[in-house]
Amino acid sequence: MSAWIDWLKVIQLQPRFLFGFWFLGGLILFLPIGIAETLGIQEARIGLRSWIGFGTLAAFAFWLVQLYPEYQKYRAARMYRKQVIRALSALCPEEWVMLGYCLDQNQQTITPSIADSVAGALLARGLLERPTGVGTLLAWPHTIPDFVWDYLKAHRDDFLRNPPFPQEQINARFNGLHKHLHRHDF
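From a predicted model like this one, the values you see are computed outputs, not experimental measurements. (Residues numbered from 1 in each chain as written. Predicted model: local features only at pLDDT ≥ 70, side-chain atom pairs only at ≥ 80, totals over all residues. Heavy atoms only, no water.)

S.K.: I'm lost on the overall build of the chain in this one. Help?
M.R.: A tally of helices and strands in the chain yields ten helices and two strands. Going from the N terminus to the C terminus, the chain shows its helices and strands as α-α-α-α-α-α-β-α-β-α-α-α. Its C-alpha atoms give the chain a radius of gyration of 28 Å, more than 25% over the compact-globule value 16 Å for 186 residues. Projected onto the principal axes, the alpha-carbon positions of the chain cover approximately 80 × 40 × 25 Å. A sequence separation of at least 24 residues applies to 65% of the contacts in the chain between residues at least 6 apart. (Helix = DSSP H or I, 4+ residues; strand = E, 2+ residues; numbered from the N terminus. Rg over C-alpha atoms; globule rule 2.2 N^0.38 Å. Contact = heavy atoms within 4.5 Å.)

S.K.: Mind showing me how you'd approach the confidence of the model for the chain here?
M.R.: Caution applies to low-pLDDT parts of the model: their predicted coordinates are not meant to be read in detail. Looking at the chain as a whole, the pLDDT averages 86, with 92% of positions reaching at least 70. Element-level pLDDT for the chain is lowest in helix H1 (residues 2–8), with a mean of 67, against a maximum mean of 96 in helix H8 (residues 146–154). (pLDDT = per-residue confidence, 0-100.)

S.K.: I would appreciate a short explanation of the packing of aromatic side chains in the present structure.
M.R.: We describe a pair of aromatic rings using the distance from one ring centre to the other and the angle between the two ring planes. One pass over the full model with this rule turns up ten aromatic pairs. Measuring from centroid to centroid gives 5.9 Å for Phe-60 and Trp-63, while their planes differ by 40 degrees, and the two rings are tilted. Of this pair, Phe-60 and Trp-63 both sit in helix H5 (residues 49–87), three residues apart, roughly one helical turn. Looking at Phe-60, the relative accessible area reads 27%, which means it is partly exposed. Each ring, one from Trp-96 and one from Phe-159, has its centre 5.4 Å from the other, and the planes form 15 degrees; the classification is stacked. On the criterion of sequence distance, the pair formed by Trp-96 in helix H6 (residues 93–105) and Phe-159 in helix H9 (residues 156–161) is long-range, its members being 63 residues apart. (Phe/Tyr/Trp six-rings, centres within 6.5 Å; stacked < 30°, edge-to-face > 60°. Buried < 20%, exposed > 50% of the residue type's maximum accessible area, 1.4 Å probe, protein only.)

S.K.: For this particular structure, what's the right way to read H6?
M.R.: An α-helical segment advances 3.6 residues per turn. Residues three or four places apart therefore align on the same side. For H6, with 13 residues, the first-to-last C-alpha span of 18 Å sits near the 18 Å given by 1.5 Å per residue. Within H6, the full set of buried residues consists of Glu-95, Trp-96, Val-97, Met-98, Leu-99, Gly-100, Tyr-101, Cys-102 and Leu-103. On its buried side, H6 packs onto strand E1 (109–110), helix H7 (117–125), H8, H9 and helix H10 (167–181). Downstream of H6 by one or two residues, Asn-106 has phi in the positive range, about 50 degrees. (Expected span 1.5 Å × (residues − 1).)

S.K.: Help me understand H8 in this model?
M.R.: Looking only at H8, the buried set comprises Phe-147, Val-148, Trp-149 and Leu-152. In the core, the buried residues of H8 are packed alongside H5, H6 and H9.

S.K.: Just checking my understanding: could you explain the side chain of Glu-95 for this structure?
M.R.: Examined against the element boundaries, Glu-95 turns out to sit in helix H6. Given a relative accessible area of 4%, Glu-95 falls into the buried group. Apart from residues no more than four positions distant in its own chain, Glu-95 is found in contact with Ala-90, Val-118, Ala-121, Leu-122 and Arg-125.

S.K.: Looking at this structure, I do not really get the environment of Ala-36. What am I missing?
M.R.: Assignment of secondary structure puts Ala-36 in helix H3 (residues 33–39). Taking C-alpha positions, Ala-36 is 36 Å from Pro-69, a pair spaced 33 residues apart along the chain. The residues contacting Ala-36, other than those within four sequence positions of it, are Ile-41, Gln-42 and Arg-45.

Spelled out as structure tokens, the structure:
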């Protein structure tokens, strides 16, 4: 009974190991005779062909079964990223100013207070991330996720070209945000 339980643990291997077993079994089964004789596996291959074939087929089946959840995780992450990028088109003016400031300053991380409402709104949209346990109430690091940052840098001109305010007001708001983020009264 315990031998079957040990064999059932094979099912729990990560997909890359199951792929490796499947690939190895396929090589052993389908190597040309000359190469198999050179490697010294021809006699074992003939005598154990049914076991090797069964193991190879089982590894392939379990590999396919375990790929499905991996595919679902990949697909969910991809859909989440698309949703977050779409949120860039629906920013309120204050949110645009904070992201525009970051882009203008080429600064992926900013340190607003932990209770900053604009940063909180960007957090809720997935456009900012906040690490746990680092900072003070008055200055907590917030980072634009890498995929959003890469998108913003690639579309920098398009993003900065359509500000919600006239350019003079944008510069004033960037300066005000700069003073707010870099105050040293704590």
